[in-house]
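# A closer look at the structure
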Amino acid sequence: MEQRVFTSPVFGPVHSRRLGSSLGINLMPASRKVCNFNCIYCECGWNPDPLQKGNTEDTLMTGRETVALALEETLRMLAKEGKAPDAITFSGNGEPTLHPDFSGIVQDTVALRNKWSPGSKVCVLSNSANLDKKGVMEGLMMADLRIMKIDSAIEKTLRFINNPGAGYFLERTVSLLKRFRGDFTLQTLFFTGSIDGEKVDNTTTDELEAWFDMVDELKPRQVMVYTLDRQTPAPGLKKCPAEKLDSIARVLKDKGIGVIVAG
């Protein structure tokens, strides 16, 4: 698989199925993915081998000042060209909330957005695994959109899909998400397939019943349901049919929840 890596702290704007014209912010190193999940569908590929002794991933991450300078330069240029993005989105080579200065960088981003691109929304795409880490909740609350991922409401399935790091528990994550009091977007990627002969399918009746129960518990203001769009590191994965995504969306709409569908 050819990995999709981001070599600059600011990239795009690119077209996003869910956010429109999106200017990306990558807080992770330009040379490697850094994530506490190892998702079987990740467009950035599998997590790399551990660094050699003496190096740390923190030291390879882009510094706060560097991010701010690159972002202001890009926003100034886009404003001059009349091409303000719909969104300024934290994504890139891994999980943005792992950055030690995450909340400070979000604060800088909001200020620069207000100055150069007031119509753009500041968005964070997160795997929801660091909500108890210092500064993460504060940083997320500064954003306009907190797009929090949970790919299954059944722990065994989630672990198979996302391969979370040590210390992750679904029940605890759901509990921490409740602190947003519904002011967030829940994001779930639906798909099927198999890996080394073991099936994976988060669209079964049991999976969806558990997932809808979780949605009822969390009461997010919006849900994004989507499926595979790019090559995956694990072969044998298949897109969820559009008809299935639409049927999931209909149930959510009947509950009065805003839905974005990306097939």
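Heads up: the structure comes first, above all this text.
Bringing the sheet that holds strand β4 (residues 121-126) into the picture now. The sheet built from eight strands is open, its strands ordered β1-β2-β3-β4-β5-β6-β9-β11 with mixed pairing. The open sheet has two free edges, formed respectively by β1 (10-16) and β11 (258-262), since each of these has just one partner strand. Along the sheet, successive strands turn relative to each other by an average axial angle of 25°, direction set aside. Bridging between strand β5 (residues 145-149) and strand β6 (residues 185-189) involves three bridges; their strand directions are parallel. Following the sheet pairing, isoleucine 147 is matched in β6 by threonine 185.

Here we take up the pairing of β1. By the bridge criterion, five bridges tie β1 to strand β2 (residues 20-26) in an arrangement that is antiparallel. Within the sheet, the bridge partner assigned to histidine 15 lies in β2 and is serine 21. With antiparallel pairing between neighbouring strands as the criterion, β1 and β2 make up a hairpin whose turn holds three residues.

Locating arginine 113 in the fold gives a position in helix α3 (residues 102-116). If we ignore the near neighbours within four places in the chain, the residues touching arginine 113 are Leu75, Ile88, Pro118, Ser120, Lys121, Val122 and Asp144.

An ideal rise of 1.5 Å per residue puts 21 Å on 15 residues; α3 measures up with 21 Å between its terminal C-alpha atoms. For α3, the full list of buried residues reads Phe102, Gly104, Ile105, Val106, Asp108, Thr109, Val110, Leu112 and Arg113. The inward-facing, buried residues of α3 contact β2, α2 (64-81), β3 (87-91), β4 and α4 (136-142).

Rules and cut-offs
Residues numbered from 1 in each chain as written. Predicted model: local features only at pLDDT ≥ 70, side-chain atom pairs only at ≥ 80, totals over all residues. Heavy atoms only, no water. Pairing = 2+ DSSP bridges. Helix = DSSP H or I, 4+ residues; strand = E, 2+ residues; numbered from the N terminus. Axes fitted to C-alpha atoms, helices over the stretch in contact; angles between N-to-C directions. Contact = heavy atoms within 4.5 Å. Expected span 1.5 Å × (residues − 1). Buried < 20%, exposed > 50% of the residue type's maximum accessible area, 1.4 Å probe, protein only.

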